[in-house]
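A look at the structure
Residue-level listing of the chains:
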Amino acid sequence: MTLDLNMLEWARAQFAMTALFHFFFVPFTLGMSFLVAFFETIYVKTGKQEWKEITQFWQTLFGINFALGLSTGIIHEFEFGTNWSTYSWVVGDIFGAPLAVEGIIAFFMEATFAAISFFGWKRVSKGVHLASTWLLAIGSNLSALWILIANGFMQHPSNEFMQFDIETSRAVMTNFWALITQPVAQVKFLHTISAGYTLSSIFVLGISSFYLLKGKHVDFAKKSAAVAAAFGLVASIFVAVIGDEHAYEVANTQPTKIASMEGLYVGEKGAPIVAVGIPKNLKATEVTSNDEAFVFKIELPHMLSILGKHGFDAYVPGLKDLVEGNPEYGIWPLHKLAQIGQEARNDLRAYHEAKARGDEAAAEAAKRDFYSVVWQDEKTGLKITKADLIGYGFFANTNVDPNLIYPPVPPVFYAFHIMVGLGFWFILLFIWAWLAIVKGSFVENKLLQKLAVISVPLPWIATSFGWMTAEIGRQPWTVFGVLPTAESATPLALANVQATFFMFLTAFVILGIAELKILFTVVKHGPKGAH
Amino acid sequence: MTWAPFTVDATHFYLQVYWWIIVAVLGGLFLLMTFVQGGQTLFHTAKDETEERAILNSLGRKWELTFTTLVLFGGALYAAFPLFYSVSFGGAYWVWMLILFAFVLQAVSYEYMNKKGNLIGKNAYKFFLYFNGVVGMVLIGAAVGTFFTGSNFTYDPVTKVLEWGTAKDGINLRGLEAAIDFKHGAWFNLAMGVLVFAAARILGALWLINDIDNNEFPELIARLRGVIKRCFIVLLVALLIVLFGLITMKGYAYDIHDPSGKVYLEPGKYLHNLLSFGAIPLILFLAGLVLYVLGVFKSGFGNSNRGIWFSGLGIVLIGIVVFVIAGLFGTPFYPSYADLQSSLTIQNSSGSKYTLEVMAWVSIAVPFVLGYIIWVWYQMKKAGPITKEEIADPESHAY
């Protein structure tokens, strides 16, 4: 069946919109749940009423956000079925499992203990209440773990834990433990949660600074800021460290993504990182040098090789190499991958046709060819079969431009660089704030307070751009190298997708504004009588 | 076109049955938790602000669990029967989208309804809660109805082409046809929708009677008992239609040992299912029904506030049996009237043996989860029902 490409773009836009909107609330929940737990722990330890007030104020802000985070989360679980039904069937055997585990292990923990943490102040003992607040935080972060294991599979569907099954024409899971422990998923999880801790720490620091600038709730603000600065300092440094590790994983599993992040059209030894630059959106097949790919750029020499490949002069393939191949470094051209993928698709069809007419010998032959090894790593013994490359068969279609094998460079480049730039600012801000608090000069430092207030929206920009780097950077695949985005969507009439797109957009705009208004009202009102 | 069932060995089949039973249990628990949705349609029984906030706070502490149960119900179906997820969600697009939308609107309404600066005003959020309680419940009920009446699709497992609306004499509204296509059982689907809605509403009233201080809110409690009585009549009518349908309609069937997995129509199929396995399904179903009605009589017609205990347990049993007879004993749980052989069975739509096995190990956590949920409910409940004092207390985080 031919798929309406216009519909595909709308389906992508719908998913992007719902995911980004959801992701405004997720990092806040991840970090704020822990901050509230910290505040409450201090309250229980010291028994001082002022810490209870601090806990309850931040918990109120947390609750306003938590509701919207939950409600926008359910959309994705359903959307995988409604708009990406082919995806759901082809990889559901692997992708569904972490989602179900998330439901069993994490969601109930979150929802159940949230009830005590929010409403149980007078109904349960202090100890039970504190434990519940902690369990709520742990549950939220556990759900991030399982979601990012599922997402890690989409980024790096290794044949260590999956295989394309000829019998059922879909990918099946072969090793659950390898799926959940794969490094791509683990670094992604750590990067995401620490980004959430940074984000919520900036929020608390910024709101506290706002009160200090106004000369209101000074004691409350000082105490809140101290906890936030300490948490934020550790978290923001950790984001950068694990972010580096994350980029290393990307460089070694998704070469098209790392090349797009850095605008590297032509592969190089000792490849640089572009610190600042304006990349052009070019066809890699027409580019001859990296200089023509930028309007202007400032480079840090050798850094991409060092960070991405852990070698001063290591080779990093460019987009052109990934399309046209580079025999010197053993990189296959796309047309070769596409041809193997097409052969796998032919085998699949031949197998089922042979089965249907009862020709067991032909079916067996097709199956043997389907799983035949096309490449083997001599060092590690890692094997690639035709079946592993079945997704590339999509590019055997001569109507498909080979340049579509990588994502558009400018959005991925900008998203990544803005995220990194902001990340460094957050580290500076927290070092400064932490030193000021330790020296006792924070309350007087109006400049620092102003910068903290201005910085409040910035981590949301950083996390959204981080998410865009990961997801746009993965294109043109939903599951990297296995399932093209164009073959993942539900064949629907365009109007259906457009209608639901606007249905959600309207709801999000209204609920989003309502959320902000309520939040501002509570902040303006201040900690006294926040409930 | 026929396809061979994916089941190749007995262990795989038992895992499929095990997972269908888990889905059935989750379905039953979800029906119990719909007391939140039912309760949301009862705000008009409150005659003043305090009564309204009593309802809001009682339900507001539980909505997340209903929500989570729905999410897990979806997640379990995704992991265990991914082809159902793909065909039903992608095919009956509008049914699921509207259900989804109803739940998205619900989630924030509790938190935002009584907050200052909520932009669209209290009544808008109250409307969202009614919308979720009425539209959400009717649609979910009707969607479960199509597990028996079938849907309008063909599916080719090799090319993975799903086509919705392929029956020549059918209507294609991406799922919404289930409510208007009377040739293909719309009357049954609608009756299921009304049944689920009425059952949820009664459960909602029973829950509120139990959870709100009866001495402080005597008038509200009396009005809630009135709702139960009126709603019970609606429930009985819908129930009779559904039972009539279940017993008289031709059911979809296949032989679990037939390697071709051929699907055919069998008169009285669902009655046969109720009577199979030593009539245990029928016994459980009747026990559930008796318990449900007993709860209604205790708290709707009598003066007890413990009706929810009986009706709650009853609805869980009924829910389990409904899913069991829809999917076990050689019954395609998501049949197609456009092409019988495209119908989904637990065998041809399931995850791989390996995945089901892994997930079966994970499912060991379920009793533990149920355990802490019950413990938390007990902790929250032991301090007594919701009182005026608690609602007025600024430190109780009341809505």
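All values derive from a computational prediction rather than experimental measurement.

What follows is about the overall build of chain B. Helices and strands together make up the secondary structure of chain B, namely 15 helices and four strands. When the backbone C-alpha atoms are referred to their principal axes, chain B occupies close to 65 × 45 × 40 Å. Once local pairs closer than 6 in sequence are excluded, the contacts in chain B between residues at least 24 apart make up 75%.

To continue, consider the overall build of chain A. Along its length, chain A carries 16 helices and ten strands. A globule of 531 residues ought to have a C-alpha radius of gyration of about 24 Å, and chain A, at 25 Å, matches this closely. Its C-alpha atoms give chain A principal-axis dimensions of about 80 × 50 × 45 Å. The buried share among the 531 residues of chain A stands at 54%. Counted over contacts in chain A with a minimum sequence separation of 6, partners at least 24 positions apart contribute 74%.

Within the largest apolar cluster, 307 residues are counted, with the highest numbers of intra-cluster contacts made by Leu35, Trp58 and Ala433 of chain A together with Val23, Leu195 and Ile202 of chain B. No other element matches the 22 residues that helix H3 (residues 85-119) of chain A contributes to this core. Once residues within four sequence positions are removed from consideration, Trp58 of chain A is found in contact with Met32, Leu35, Val36, Phe39 and Val204 of chain A.

A separate point is the pairing of strand E2 (residues 161-164) of chain B. It is a general feature of regular strands that their side chains alternate between the two faces of the sheet. All names here are of chain B. Because side chains alternate across E2, one face comprises the buried residues Leu162 and Trp164, and the other comprises Val161 and Glu163, none of which is buried. Taken together, the four bridges between strand E1 (residues 153-156) and E2 define a ladder with antiparallel strand orientation. In the strand pairing of E2, Phe153 is matched with Trp164. Two successive antiparallel strands, E1 and E2, enclose a turn made up of four residues, where Lys160 displays a positive phi of approximately 60 degrees.

Residues and elements named next belong to chain A. Their axes nearest at 7 Å, the elements helix H1 (residues 5-46) and helix H2 (residues 49-82) cross at an angle of 150 degrees. Comparing the axis directions of H1 and H2 gives the class roughly antiparallel. Crossing of H1 over H2 shows left-handed handedness. Considering only residue class, the contact of H1 with H2 consists of 19 nonpolar, twelve polar and three charged.

What follows is about the domain arrangement of chain A. All names here are of chain A. When its domains are assigned, chain A resolves into domain 1 (5-257 + 404-521), domain 2 (263-324) and domain 3 (332-403). Between the C-alpha centres of domain 1 and domain 3 there is a distance of 38 Å. On the side of domain 3, 15 residues touch domain 1, which itself brings 14 residues to the contact. Listed by contribution, the elements that provide at least two residues to the side of domain 1 that touches domain 3 are strand E1 (162-165) and strand E10 (483-484). For the side of domain 1 that touches domain 3, the class distribution of residues is nine nonpolar, four polar and one charged.

To continue, consider the interface of chain B and chain A. Taken together, the contact pairs 65 residues of chain B with 70 residues of chain A. Only helix H4 (63-80), helix H5 (82-91), helix H6 (93-113), E2, helix H13 (353-362) and helix H14 (365-381) of chain B provide two or more residues apiece to the side of chain B that touches chain A. A total of twelve residues in the side of chain B that touches chain A trace back to one element, the largest contributor, which is H6 of chain B. For the side of chain B that touches chain A, the residue count by class is 42 nonpolar, 13 polar and ten charged.

So, on to unusual backbone geometry. Of all residues except glycine, most have a negative phi; of all peptide bonds, most are trans. Pro476 of chain A follows Gln475 of chain A through a cis peptide bond whose omega is 10 degrees. With respect to the secondary-structure elements, Pro476 of chain A resides in the loop between helix H15 (458-473) and strand E9 (477-479). The backbone of Ser169 of chain A sits at a positive phi, close to 55 degrees, despite the residue not being glycine. Tracing the backbone through its elements, the reader meets Ser169 of chain A in the loop between E1 and strand E2 (170-173). Phi is positive for Phe329 of chain B, which is not a glycine, with a value near 55 degrees. You can see Phe329 of chain B is positioned in the loop between helix H12 (307-327) and H13. Note on Phe329 of chain B: 19 C-beta atoms within 10 Å, which makes it partly exposed.

With that settled, consider the environment of Lys62 of chain B. Residues and elements named next belong to chain B. In this structure, Lys62 sits in the loop between helix H3 (49-60) and H4. For Lys62, a count of 20 C-beta atoms within 10 Å corresponds to the buried category. Expressed as a C-alpha distance, the spacing of Lys62 and Val36, which sit 26 residues apart in the sequence, is 7.0 Å.

Attention shifts here to the environment of Phe220 of chain A. Residues and elements named next belong to chain A. Within the fold, Phe220 resides in helix H7 (residues 218-253). Judged by the 20 C-beta atoms lying within 10 Å of it, Phe220 falls in the buried class. For the pair Phe220 and Ser208, spaced twelve residues apart in sequence, the C-alpha separation works out to 7.8 Å. When sequence neighbours within four positions are dropped, the list of residues in contact with Phe220 reads Glu53, Ile54, Tyr211 and Pro527.

So, on to H6 of chain B. A rise of 1.5 Å per residue sets the reference length of H6 of chain B, with its 21 residues, at 30 Å; its end C-alpha atoms lie 30 Å apart and thus fit the reference within 8%. Burial within H6 of chain B is extensive, with 19 of its 21 residues counted as buried.

Another aspect to go through is H13 of chain B. Within the sequence span of H13 of chain B, burial applies to Thr355, Leu356, Val358 and Met359 of chain B. For H13 of chain B, the angular spread of the buried residues around the axis is 160 degrees, confining them to a single face. Each element contacted by the buried residues of H13 of chain B is listed here: H3, E2 and helix H5 (176-181) of chain A together with helix H1 (10-33) and H4 of chain B.

With that out of the way, let us pick up the environment of Phe394 of chain A. Residue and element names in this part refer to chain A. Following the sequence through the fold, Phe394 ends up in the loop between strand E8 (383-385) and helix H13 (409-439). Classification of Phe394 as buried rests on a count of 21 C-beta atoms within 10 Å. Between the C-alpha atoms of Phe394 and Ala486, which are 92 residues apart in sequence, the distance is 8.9 Å. Each residue touching Phe394, except ones within four places of it in the same chain, is listed here: Val400, Pro484, Ala486 and Glu487.

In this section: the packing of helix H7 (residues 122-149) of chain B against helix H8 (residues 186-211) of chain B. All names here are of chain B. Interaxial distance between H7 and H8 falls to 7 Å at its minimum, and their mutual angle equals 135 degrees. Accordingly, the angle class assigned to the pair H7 and H8 is oblique. Along this stretch, H7 crosses H8, giving a crossing that reads as right-handed. Contacts between H7 and H8 pair Val134, Met137, Val138, Leu139, Ile140, Gly141, Ala142, Val144, Gly145, Thr146, Phe148 and Thr149 from the former with Phe188, Asn189, Leu190, Met192, Gly193, Val194, Leu195, Val196, Phe197 and Ala200 from the latter.

Turning our eyes to something else, we now look at the confidence of the model for chain B. In this model, chain B carries a mean pLDDT of 91, and residues with pLDDT of at least 70 account for 97%. Among the scores for the predicted complex, ipTM is 0.91 and pTM is 0.93.

Definitions and limits used
- Residues numbered from 1 in each chain as written.
- Chains lettered and ligands numbered in written order.
- Predicted model: local features only at pLDDT ≥ 70, side-chain atom pairs only at ≥ 80, totals over all residues.
- Helix = DSSP H or I, 4+ residues; strand = E, 2+ residues; numbered from the N terminus.
- Contact = placed C-beta atoms within 7 Å.
- Rg over C-alpha atoms; globule rule 2.2 N^0.38 Å.
- Buried ≥ 20, exposed ≤ 12 C-beta atoms within 10 Å, placed from the backbone.
- Core = buried A, V, L, I, M, F, W, Y, C linked by C-beta atoms within 7 Å.
- Pairing = 2+ DSSP bridges.
- Axes fitted to C-alpha atoms, helices over the stretch in contact; angles between N-to-C directions.
- Parallel < 35°, antiparallel > 145°, perpendicular 65-115°, else oblique.
- Left-handed = near helix turned anticlockwise from the far one by under 90°.
- Nonpolar A, V, L, I, M, F, W, Y, C, P; charged D, E, K, R; others polar.
- Domains from an automatic or database assignment.
- Expected span 1.5 Å × (residues − 1).
- Arc of directions from axis to C-beta.
- pLDDT = per-residue confidence, 0-100.

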